[in-house]
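Working through the structure, step by step
Read off the chains here:
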Amino acid sequence: MRQTPQTLFDKLWSSHRIAEREDGAALLFVDRHFVHEGSFHGFSQVTARGRKVAVPDLTFGIADHYVPTHDRDKPIANAEIAEMVSKLERNSADNGITLFGLRDPRQGIVHVVGPEQGLTLPGLLIVCGDSHTSTHGAFGTYAFGIGASEVAHVLMTQTLWQKKPKRMRISVEGQTTAGIAAKDIALAIIARIHADGAQGHAIEYAGSAIRALSMEGRLTLCNMSIEGGGRCGMVAPDETTFAYIKGRPYAPKGAEFDRAVEDWRQLTTDAGAEFDREVTLDAAAIAPIVTWGTTPDDALPIDASVPDPSRETDETRAAYIRGALDYMGIKPGAKLTDIAIDRIFIGSCTNARIEDLRAAAAVLSGRTSKVPGLVSPGSSLVKSQAEQEGLDRIFKDAGLEWVESGCSMCVGINGDLVPEGERCASTTNRNFRGRQGRGARTHLMSPAMVAAAAVTGHLADVRPLLAGRKV
Amino acid sequence: MDKFTRLTAKACPLMRQNIDTDQILPARFLKWPRDKGLGTVLFNDIRKDADGNDLSDFPLNKSAWRDAKVLIAGRNFGGGSSREAAVYAVYDYGFRCVIAPSFGDIFAQNSVKNGLLTAALPEAEVNELAAAIEADPAREVTVDLAQQTIACGNRTYNFAIDPVSKNQLLNGWDDVDLTDSYGAQIGAFRAADRQSRPWAAVKAR
């Protein structure tokens, strides 16, 4: 008898299902749980119950959200921030959890470190109290962000109750043109489906343009799933995936690796499997994209103009556009390339991996940034590698600050903030009001596009700046 | 966890789209333990000016809605960051139900764990309900979870909620207690899983 064709997500779901309730909720086994400084609410709930972490060897602590990006060799100056970092150290030590702490050479942003260390593998279920946990889906992993109560539940039981999401396939077919990055693909998708478009769905990214992406590119793409409303997004593992994993510290070795690859090859969507929703994009039509407003779906090609609310027929939409333009300090109908910036940020779990830094450096090499800015590598190991390649010199020579690794100016809770009213070209994931600081104005784009904005002092098309350069 | 069954209360319309969790609770308050009073900083940067004074045109600051227990909002309420403290802020301020056309998945899940009902109505009905309340701010709504209804004046709306969330809110279930009762199944799963996915284990480095 032939089995019903299954999607990649169906396979991941059923391989983690321990039990199912009558109302449809399933108890799922959690293979990896990452905790960070912000996970303290979860640990408090565990302590309040007089419990301990059930399976400490499947939990990893990583200091990223609050860590300073300056003066790492000195004690943390801000007492509240120091307390957040030491609380994670205490919670990890008390429960026997491996910690990549502030001064560990493996420290970095959780969604960069997991893959880098080989902790993120195809076929796993990974959770973390952070919405960008969707990033790990790049390996064909069921990975999603959870709140503090779910963090506590996983700590106490190594399981989680979930209702099965619907399945959505986003196919990007064909070849992207020169100068187009995974970030442009992600923003193009979000602009199409909207910020709530994938709510209630598990996304699978497919198509030839996705297959052609490196692991770094796939990580960027899956990272942004949540900005399209999807709690998780994934790419089926392939040779690119296996090559990336091989030899990583926590990855299976030798015969175990070969056996794993054999299993991982089964993690694809079967021919004829059904999705609840399908969206297809033409890769060749994707231009470099920037955001103009206060949600990631306010995204347009760089040669466009921002919307004019007076030309909008839907009054709710017009009111939204007016509010967003007012917050962003942009005139209705303004050309994107006429928008001057005050600073730049290159960093975050979205775009601070080695390829991202290389892409920005390719534009900045031999040029000067017209505005100040921070470059914060995705991990301390990415930082070392970039320094070996001389990328730090390029950033510093351009007038930018080369700092330590952490969430930094993406969320601003370590003190790296965009001052009120200033406009920042940023490689991050959220242009929400106040995200980078109260009154901060964020424009999201790829690392190369941020570099182009730095060099010109305004939002700009990177493609002319790449002419004659090796990328 | 507190149960949610039925509630009759005033409703405050906050008719903006995409009120993400950064707007619900700005990140700088995430260091706060819950008992420090997260309700006082709910919507802080859109509710108060930079000096901490209430903005008079923000709906929560209007006297008619000071004691509202239901919040009505635009599409995609609670998208973005997974911060459960955003739910604590909404709940500790005094809200027990949020009505909107759609919600961020993680926010909705966090809400269920804290006894906060997220009731989804079609956008046109949310707009109609908000308009009725703006016309008569003292008007109360009755939210009935078992029936999945919201009554306001002579109108009754049927809202959507998935059965899992409904079940949990009605019963005030504690997930951990429930999961503990599945100990044997978890043990059996792990034993079988070690055979079928040996590569999934974490090996000491």
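Everything numeric here is computed off the predicted structure, so don't read it as measured data. (Residues numbered from 1 in each chain as written. Chains lettered and ligands numbered in written order. Predicted model: local features only at pLDDT ≥ 70, side-chain atom pairs only at ≥ 80, totals over all residues.)

A look at the overall build of chain B
When helices and strands are counted, chain B shows eight helices and seven strands. The principal-axis extent of the C-alpha atoms belonging to chain B is close to 65 × 40 × 30 Å. Taking all 205 residues of chain B together, 41% fall into the buried category. Long-range contacts, defined here as pairs at least 24 residues apart, represent 70% of the contacts in chain B between residues at least 6 apart. (Helix = DSSP H or I, 4+ residues; strand = E, 2+ residues; numbered from the N terminus. Buried ≥ 20, exposed ≤ 12 C-beta atoms within 10 Å, placed from the backbone. Contact = placed C-beta atoms within 7 Å.)

A few points about the domain arrangement of chain A
Residue and element names in this part refer to chain A. For chain A, the assigned domains are domain 1 (8-277) and domain 2 (289-466). One C-alpha centre belongs to domain 1, the other to domain 2; they are set 24 Å apart. With 39 residues of domain 1 in contact, the opposing surface of domain 2 contributes 40 residues. The set of elements that each furnish at least two residues to the side of domain 1 that touches domain 2 consists of helix H4 (110-116), helix H6 (182-193) and helix H8 (215-223). Counting residues per element, the side of domain 1 that touches domain 2 draws most heavily on H6, at six residues. In terms of residue class, the side of domain 1 that touches domain 2 is made up of 17 nonpolar, 14 polar and eight charged. (Domains from an automatic or database assignment. Nonpolar A, V, L, I, M, F, W, Y, C, P; charged D, E, K, R; others polar.)

Some details on the interface of chain B and chain A
The interface of chain B with chain A comprises 44 residues on the first partner and 55 residues on the second. Every element with two or more residues in the side of chain B that touches chain A is listed here: helix H1 (21-24), helix H4 (105-112), helix H6 (163-171), helix H7 (175-180) and helix H8 (183-196) of chain B. When the residues that make up the side of chain B that touches chain A are grouped by side-chain class, the tally is 16 nonpolar, 14 polar and 14 charged.

Some points on the sheet that holds strand S8 (residues 159-163) of chain A
Residue and element names in this part refer to chain A. The antiparallel open sheet is built from three strands, whose spatial order is S1-S2-S8. Looking at the sheet topology across the chains shown, the edges are occupied by strand S1 (17-20) and S8. Strand-to-strand twist in this sheet, taken as the mean axis angle between neighbours without regard to direction, amounts to 30 degrees. Bridge count for strand S2 (residues 25-29) against S8 is five bridges, and the pairing is antiparallel. (Pairing = 2+ DSSP bridges. Axes fitted to C-alpha atoms, helices over the stretch in contact; angles between N-to-C directions.)

With respect to the sheet that holds strand S9 (residues 166-173) of chain A
Residue and element names in this part refer to chain A. Taken in spatial order, the four strands line up as S11-S10-S9-S12 in an open sheet, and their pairing is parallel. Looking at the sheet topology across the chains shown, the edges are occupied by strand S11 (232-234) and strand S12 (277-282). Each adjacent strand pair in this sheet contributes to an overall mean axis angle of 20 degrees, direction not counted. Bridging between S9 and strand S10 (residues 201-206) involves six bridges; their strand directions are parallel. What sits directly across from methionine 168, in S10, is isoleucine 203. The sheet contacts of helix H1 (residues 8-16) involve S9, S10 and S11, and relative to S10 the element is tilted by about 130 degrees. Against the sheet, H6 touches S9 and S12, its axis set at about 130 degrees to S12.

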